[in-house]
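# A closer look at the structure
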Amino acid sequence: MNTIAFAERTRGSRPFLDARLAGNLRGSLWLVLIAAAIGLFVMAFGSPFIIRLTATAFINLIAVVGLQIFMGNSNVVNIGHAGFMALGAYFTAIFATPVMIKASMIPNAPFGLAGVEVGALYAFLISVALTSLIGLLTGLVLVRLAGIAATILTISILVIVQGVLVTWTDLFRGAQAFFGIPKVVGLGLIIVATAAVLVVARMFKGSRLGVQLRASATDPLAAEAMGVDVKRLRLIAWVLGSAVVGCAGALYALYAGTINARAFYFHTAFLTLAMAIVGGMRSVTGAMVGVALLTVLLELIRILEGGITVLGIAFPEMLGLSGLMLGVIIVAVMCFRSDGFMGGHEIEEVFAMLRRRLVAGKREG
Amino acid sequence: MDYLIEQALNGFSIGAQYSLLALGLAIVFSVMGLVNFAHGEFIGVAGYAMFAMAAMGMTDPWLLVVFAMATVTLVALVLERVAFRPVRNAPPTTGLLTAFGVGIILQNLFLLMVSPRPKAVPELSALNQTVEVAGHNFTILQFLEVGVTSVAIAGLVWFLKGTRIGLAMRAAALDFTTVRLMGMRANRVIATAFAISGLLASIAAIFFIARRGAIDPFMGLLPVLKAFVACVLGGFGSLPGAVVGGLLLGLVEVLLIVLLPDKLAGLRDASVFLIVGVILVFRPQGILGRRVELGDKTA
């Protein structure tokens, strides 16, 4: 703790809740309120298609927030998160799927896993724990590297996870779909999980650890000189991020009931990465904005892609249009606003800015 | 023994392709600090340029090759002007993500304008003919790969050491500001770096396409990842490092193809990346990279 903070604390206007903690809590509350409002609105009025779309968007949001925890705070580009999503989904599938179904699907599973069946909640918890463990093991290696080498290592993780999933047919069914997972999660539970994850990410960002990690991303030398243990902080963020991303995968498995290894490869990695970038990866609000913007936009483009008729003119099928637009958006955002839509600000900061502008405007007028 | 010699040449020829790609990445990185994730799409550009010309009735392989190389070089220059100039002075992460967006755009352009399915480009298949040299079976392509790559590297060395703009590029890797103070145009230096990187990539692309005989929109992804790995292995930004890294990667890959049983074939790429990860843990700066401590002057 530096002297100024110490002096502030001893002066202590609020003895039990320091200003930073209060600010973080307020920020988290805003995020949760907005996410919950959108989610509940859709639950109440949405058609089944919209509900499905929203559920997928919220699961993506959890993954993007997990990505933000590591990438946004440490400024190391991470492409391996889709691998952790896959792990979360597959571990859940292996533990939650009824023994009856597993007997026909993966009868030769090692460690006697074909005969194991636990409740969905326990499967979820086991899966997140195992994913975090793998996060810890990979993280110990990852923090030794910096910059582009670290990014390459995250890609390696993705390729290795995919290779193992596709090759180890006895346990993961290889390239075939893994089905029969109990569909116990609906939009309601996904909203609850999203809210929890938003709070975790926002609190981490504003916590002492988060502040130190962000400082080290801006200037590693200055941060180390101040006694910040950059490696340890990166490790913590990496493990926390992989747990959250694993959580997204686990929820997806319990929501969709069927998973396929190919669904957790570069496509997912790039899509969620794009969401993080567009919203602005340095803030949790940015993750939310990015997911919302890209989900709506890509869904609109998908209508075009299938070929529609506008004012009597029939547009042909245009496969690849959504991907093309995704790329154009990324390049445009990078060229004109490289900090993303939110520019690294959180929602309460934007409110505060607006309020200040409003007050200033009144004074002048 | 026969087998060993044949596989060794195979490793070198695959490694040569990776070296060419890795060199292009390293040149652009050393000059302007950009990690060009879209580099692999140059392979796609070459492939689809050849496909388009062949569809229009031009089947002479030599003309196709020249056309593909010219197109890729041109595309590299256009990309530099349109996409990478606005982010030139931005932090490396911004450049990396821009390049990654450019890659997605190119892939989907191929998908949108041609087809999501693979297309055959059989014009270069003649290069896969087997020839017998001293009792061993090789393909013409393998000799071409090793030979052309050596010539290209020699040409690059001459260019960097023997010309004024080459000198400027080497200097730019150390201190771009001083290069500009000496009266070299920044735009010209960077455009040259891109043109060279495109040219080298197009040579690699022609070999890739000749080997596969087919193109698809996402064919550039895995090669560019491997080229990255080669760069990181050799030490990012180091040109000799890129060549060494590429050759090493090719040899490792062929070794894995030989050693891994068919049942574990899906783990080939995974194993390559695993080995690379292990090497990086013990030499984070790469094989030929200089160890940089925080706060060291990089120049």
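Refer to the structure above for everything that follows.
First, a word on scope: everything that follows refers to the structure included in this document. Residue indices begin from 1 for each chain and proceed along its sequence in written order. Lettering for chains starts from A, numbering for ligands starts from 1, and both go in the order in which the items are written. In view of the model being predicted, local features appear only for residues whose pLDDT reaches at least 70, and side-chain atom pairs are presented and counted only at 80 or more, with totals across whole chains, interfaces and linings using the full set of residues. Each side-chain value is derived from all of the structure's non-hydrogen atoms; neither hydrogens nor water enter the calculation.

### What to know about the side chain of Thr151 of chain A
Heads up, the condition is: Numbered from the N terminus, helices here are DSSP runs of H or I no shorter than four residues, and strands are runs of E no shorter than two. Only protein chains enter the calculation, and the probe is 1.4 Å; a residue is then buried if its accessible area is under 20% of its type maximum, exposed if over 50%, and partly exposed in between. Polar contacts here mean pairs of N or O atoms no more than 3.5 Å apart (in protein, one a potential hydrogen donor and the other a potential acceptor; neighbouring residues in sequence count only if both atoms are side-chain atoms). Should any heavy atoms of two residues lie within 4.5 Å, those residues are considered in contact.
Here Thr151 of chain A is to be found in helix H7 (residues 147-167). Under the relative-accessibility criterion, Thr151 of chain A is labelled buried at 3%. Here Val77 of chain A takes part through its backbone oxygen, which lies 3.0 Å from a polar atom of the side chain of Thr151 of chain A. Excluding its chain neighbours within four sequence positions, the residues that come into contact with Thr151 of chain A are Val76, Val77 and Ile79 of chain A together with Leu96 of chain B.

### Regarding the interface of chain B and chain A
The test is simple: Any Lys or Arg side-chain nitrogen found within 4 Å of a carboxyl oxygen on Asp or Glu counts as a salt bridge. Residue polarity is assigned by list, with Asp, Glu, Lys and Arg as charged and Ala, Val, Leu, Ile, Met, Phe, Trp, Tyr, Cys and Pro as nonpolar; anything else, Gly included, falls into the polar class.
With 40 residues of chain B in contact, the opposing surface of chain A contributes 39 residues. At the junction of chain B and chain A, the tally comes to zero salt bridges. Our count for the chain B to chain A interface comes out at zero residue pairs in polar contact (both at pLDDT 80 or more). Tallied by class, residues from the side of chain B that touches chain A come to 30 nonpolar, eight polar and two charged.

### A short note on unusual backbone geometry
We note that Asn75 of chain A has phi near 60 degrees; this positive angle belongs to a residue other than glycine. Along the polypeptide, Asn75 of chain A turns up in the loop between helix H3 (48-74) and helix H4 (81-96).

### Here we look at the packing of helix H2 (residues 19-45) of chain A against H3 of chain A
Residues and elements named next belong to chain A. For the record, the criterion: The axes are straight lines fitted to the C-alpha atoms, using for helices just the contacting stretch, and the angles between their N-to-C directions are given from 0 to 180°. Throughout this description, any angle smaller than 35 degrees is read as roughly parallel, any larger than 145 degrees as roughly antiparallel, any in the 65 to 115 degree range as roughly perpendicular, and the remainder as oblique. Handedness of a helix crossing follows the sense of rotation of the near helix relative to the far helix, less than a right angle counterclockwise being left-handed and clockwise being right-handed.
Contact pair H2 / H3: the axes reach a minimum separation of 9 Å and the direction vectors enclose 155 degrees. Considering their axes alone, H2 and H3 lie roughly antiparallel with respect to each other. With respect to the hand of their crossing, H2 and H3 are arranged in left-handed fashion. Between H2 and H3, the contacting residues are Ala35, Gly39, Val42 and Met43 on the first element and Ile50, Ile51, Thr54 and Phe58 on the second. Per-class residue counts for the contact of H2 with H3 are six nonpolar, two polar and no charged.

### As for the environment of Arg356 of chain A
Residue and element names in this part refer to chain A. With respect to the secondary-structure elements, Arg356 resides in helix H16 (residues 347-364). When its relative accessible area of 55% is taken as the criterion, Arg356 is described as exposed. On a C-alpha basis, the gap between Arg356 and Ile152 in space is 44 Å, while along the polypeptide they are 204 residues apart.

### Some points on the packing of aromatic side chains
Residues and elements named next belong to chain A. The condition is simple: Each pair of aromatic rings taken from Phe, Tyr and Trp, with Trp reduced to its six-membered ring, is defined by centres within 6.5 Å and is described as stacked if the planes are under 30 degrees apart, edge-to-face if over 60, and tilted in the remaining cases.
Here the structure, examined in full by the defined rule, presents 17 aromatic pairs over all chains. Measuring from centroid to centroid gives 5.5 Å for Phe84 and Trp238, while their planes differ by 85 degrees, and the two rings are edge-to-face. Here the residue Phe84 occupies a position in helix H4, and Trp238 occupies one in helix H12 (residues 230-256), the gap between them amounting to 154 residues. Each member of the pair, Phe84 as well as Trp238, carries the same accessibility label: buried.

Note that every value here comes from positions in space, so none of it alone points to a role or purpose.
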